[in-house]
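The residues making up each chain are set out below.
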Amino acid sequence: MQTVATNIAGAGAAAVLFAATFLFSRRLRPLLSRFFSQRSLISFGAGTSVAYVFVQLMPEMQESRSAFVKATSIPLPYEGMAVYFLALMGFMGFYGLDNLRTQARDGGNDFSLHLAGFGLYVALMSYLLVHGLELPSAPLGFAAAATAFHFMTVDHLLREEHGAVYDRIGRYVLAGMSLLGWAAGLAFELSAQLLALLTAFVSGAVIMNSTLMELPSDKNGRFLPFLAGGALYGLVLVTFG
């Protein structure tokens, strides 16, 4: 695994980028929309996130499985398939969060559920940048860029759904959780087994959120920007990752 010392600066810069995404993306989007439609930008970001899932996260789950097996002193049935089970739990957990949010909408608790779930999600992703699996420095930058696009879309959708209360409270909470996750990475390191399982859980959550929240719908999607984002970012990862 990477030493923490070599990863702190890059992870800290990424955490600041994530925080800035939540705080300022609403101001950046109108500038970009002078050249591209808002829906095209969202579709392009969705493409980059999906490319990140297939080219980066899926191999990383295999790395998580190998790390989990190596770090466990006893023989494991099915050679550490528990890692994939945790990825499934992350996938299903965020699908469940979306369903709970829908059911809670009438009671006025949907914003709290959304904010709690995504606050934890953002913090875990920042934490794993400090204590992730062994990855060279270049892919860390690529992962940070893809995650920032992903968070920009999350920010947009939460603002569309919750309006003023998200601008007043939610974006500051998520920006703070970005930095809190990084600070937690500096403060303590989990065991290799737990890190592998946590990486798998977050990977499953990213896959769900990329499909549930980011894939353009038939009515609103822009296929060519989506294709461009996925193909270009996928080529970058294959070439330099």
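It should be noted that the structure appears before, not after, this text.
Rules and cut-offs
- Residues numbered from 1 in each chain as written.
- Predicted model: local features only at pLDDT ≥ 70, side-chain atom pairs only at ≥ 80, totals over all residues.
- Heavy atoms only, no water.
- Helix = DSSP H or I, 4+ residues; strand = E, 2+ residues; numbered from the N terminus.
- Buried < 20%, exposed > 50% of the residue type's maximum accessible area, 1.4 Å probe, protein only.
- Contact = heavy atoms within 4.5 Å.
- Areas by Shrake-Rupley, 256 points an atom, 1.4 Å probe, with all protein chains shown as cover.
- Phe/Tyr/Trp six-rings, centres within 6.5 Å; stacked < 30°, edge-to-face > 60°.
- Patch = residues over 30% accessible without salt bridge, like charges linked within 9 Å, V, L, I, M, F, W, Y side chains within 5 Å.
- Salt bridge = Lys/Arg side-chain N within 4 Å of Asp/Glu carboxyl O.
- Expected span 1.5 Å × (residues − 1).
- Arc of directions from axis to C-beta.
- Core = buried A, V, L, I, M, F, W, Y, C linked by side-chain atoms within 4.5 Å.
- Axes fitted to C-alpha atoms, helices over the stretch in contact; angles between N-to-C directions.
- Parallel < 35°, antiparallel > 145°, perpendicular 65-115°, else oblique.
- Left-handed = near helix turned anticlockwise from the far one by under 90°.

## A short note on the overall build of the protein chain
Turning to step 1, where the next piece is worked out: If you tally the helices and strands in the protein chain, you get eight helices and zero strands.
Turning to step 2, where the next piece is worked out: What you see in the protein chain, going N to C, is helices and strands ordered as α-α-α-α-α-α-α-α.
Turning to step 3, where the next piece is worked out: The 241 residues of the protein chain split such that 46% are buried.
Turning to step 4, where the next piece is worked out: Intrachain contacts of the protein chain at a sequence separation of at least 6 include 84% that bridge at least 24 residues.
Turning to step 5, where the next piece is worked out: With an accessible surface of roughly 11900 Å², the protein chain has 68% of that area assigned to carbon and sulfur atoms.

## Describing the packing of aromatic side chains
Working definition: an aromatic ring pair is given by the centre-to-centre distance plus the angle between the planes.
Turning to step 1, where the next piece is worked out: The final tally for this structure, using the stated rule, is eight aromatic pairs.
Turning to step 2, where the next piece is worked out: Relative to phenylalanine 149, the ring of phenylalanine 44 has its centre 5.9 Å away and its plane inclined at 65°; by these criteria the two rings are edge-to-face. Here the residue phenylalanine 44 occupies a position in helix 2 (residues 38-71), and phenylalanine 149 occupies one in helix 5 (residues 137-162), the gap between them amounting to 105 residues.
Turning to step 3, where the next piece is worked out: You can call phenylalanine 44 partly exposed: its relative accessible area is 28%.
Turning to step 4, where the next piece is worked out: Note on phenylalanine 149: relative accessible area 30%, which makes it partly exposed.
Turning to step 5, where the next piece is worked out: Ring pairing ties together the aromatic residues Phe18, Phe22, Phe94, Phe118, Tyr121 and Phe151, which thus form one cluster.

## Comments concerning a nonpolar patch on the surface
Turning to step 1, where the next piece is worked out: Taken together, the side chains of Phe85, Leu88, Met89, Phe91 and Met92 present a nonpolar region at the surface, about 440 Å² in accessible area.
Turning to step 2, where the next piece is worked out: The topology assignment puts leucine 88 in helix 3 (residues 82-104).
Turning to step 3, where the next piece is worked out: Since its relative accessible area comes to 38%, leucine 88 is described here as partly exposed.

## As for the pattern of salt bridges
Where charged atoms from two side chains of opposite charge come close, those side chains can pair.
Turning to step 1, where the next piece is worked out: All chains considered together, the criterion is met by three salt bridges.
Turning to step 2, where the next piece is worked out: The residue arginine 159 makes a salt bridge to aspartate 167 at a minimum N-O spacing of 2.7 Å.
Turning to step 3, where the next piece is worked out: Among the salt bridges present, the one from arginine 171 reaches aspartate 167, with a minimum N-O distance of 3.8 Å. In this pair, arginine 171 and aspartate 167 both sit in helix 6 (residues 164-187), four residues apart, roughly one turn of the helix.
Turning to step 4, where the next piece is worked out: Accessibility expressed as a relative area gives 18% for aspartate 167, which makes it buried.
Turning to step 5, where the next piece is worked out: One network of salt bridges, in which partners are shared, links Asp155, Arg159, Asp167 and Arg171.

## A look at helix 4 (residues 110-130)
Turning to step 1, where the next piece is worked out: If you check helix 4, its first and last C-alpha atoms are 31 Å apart, about what 21 residues at 1.5 Å a residue would give, namely 30 Å.
Turning to step 2, where the next piece is worked out: Counting buried residues along helix 4, 17 of its 21 residues qualify, which places the element largely inside the surrounding structure.

## Focus on helix 8 (residues 223-240)
Turning to step 1, where the next piece is worked out: For helix 8, spanning 18 residues, the distance from its first C-alpha to its last is 26 Å, which sits close to the expected 26 Å at 1.5 Å a residue.
Turning to step 2, where the next piece is worked out: Every buried residue of helix 8 is listed here: Pro225, Phe226, Gly229, Tyr233, Gly234 and Leu237. Viewed along the axis of helix 8, the buried residues span an arc of 150°, placing them on a single side of the element. Among the exposed residues of helix 8, those oriented more than 90 degrees off its buried face are Phe223, Leu224, Leu232, Leu235, Val238 and Thr239.

## Details of the environment of alanine 71
Turning to step 1, where the next piece is worked out: On the secondary structure map, alanine 71 appears in helix 2.
Turning to step 2, where the next piece is worked out: Given a relative accessible area of 28%, alanine 71 falls into the partly exposed group.
Turning to step 3, where the next piece is worked out: Once the C-alpha coordinates of alanine 71 and leucine 194 are considered, the two residues, 123 residues apart in sequence, prove to be 9.6 Å apart.
Turning to step 4, where the next piece is worked out: Excluding anything up to four places from it in sequence, alanine 71 contacts Ala192 and Gln193.

## A short note on the environment of alanine 13
Turning to step 1, where the next piece is worked out: The residue alanine 13 is located in helix 1 (residues 4-32) in this model.
Turning to step 2, where the next piece is worked out: Here the alpha-carbon distance between alanine 13 and glycine 141, two residues 128 residues apart in the chain, equals 9.4 Å.

## Remarks on the nonpolar core
Turning to step 1, where the next piece is worked out: Of all hydrophobic cores here, the largest spans 50 residues; its most connected members are Tyr121 and Leu174.
Turning to step 2, where the next piece is worked out: Looking at this core, the elements with two or more residues in it are helix 1, helix 2, helix 3, helix 4, helix 5, helix 6, helix 7 (192-214) and helix 8.
Turning to step 3, where the next piece is worked out: With 11 residues, helix 4 is the single largest residue contributor to this core.

## Section: the packing of helix 4 against helix 6
Turning to step 1, where the next piece is worked out: The geometry of helix 4 relative to helix 6 is characterised by a closest axis approach of 7 Å and an angle of 30° between their N-to-C directions. Relative to helix 6, the element helix 4 lies roughly parallel. Viewed along their axes, helix 4 and helix 6 form a crossing whose handedness is right-handed. Only Val165, Tyr166, Gly170, Val173, Leu174, Met177, Ser178, Gly181, Trp182, Ala184 and Gly185 of helix 6 make contact with helix 4, whose side of the interface consists of Phe111, Leu115, Phe118, Gly119, Leu120, Val122, Ala123, Ser126, Tyr127 and Val130.

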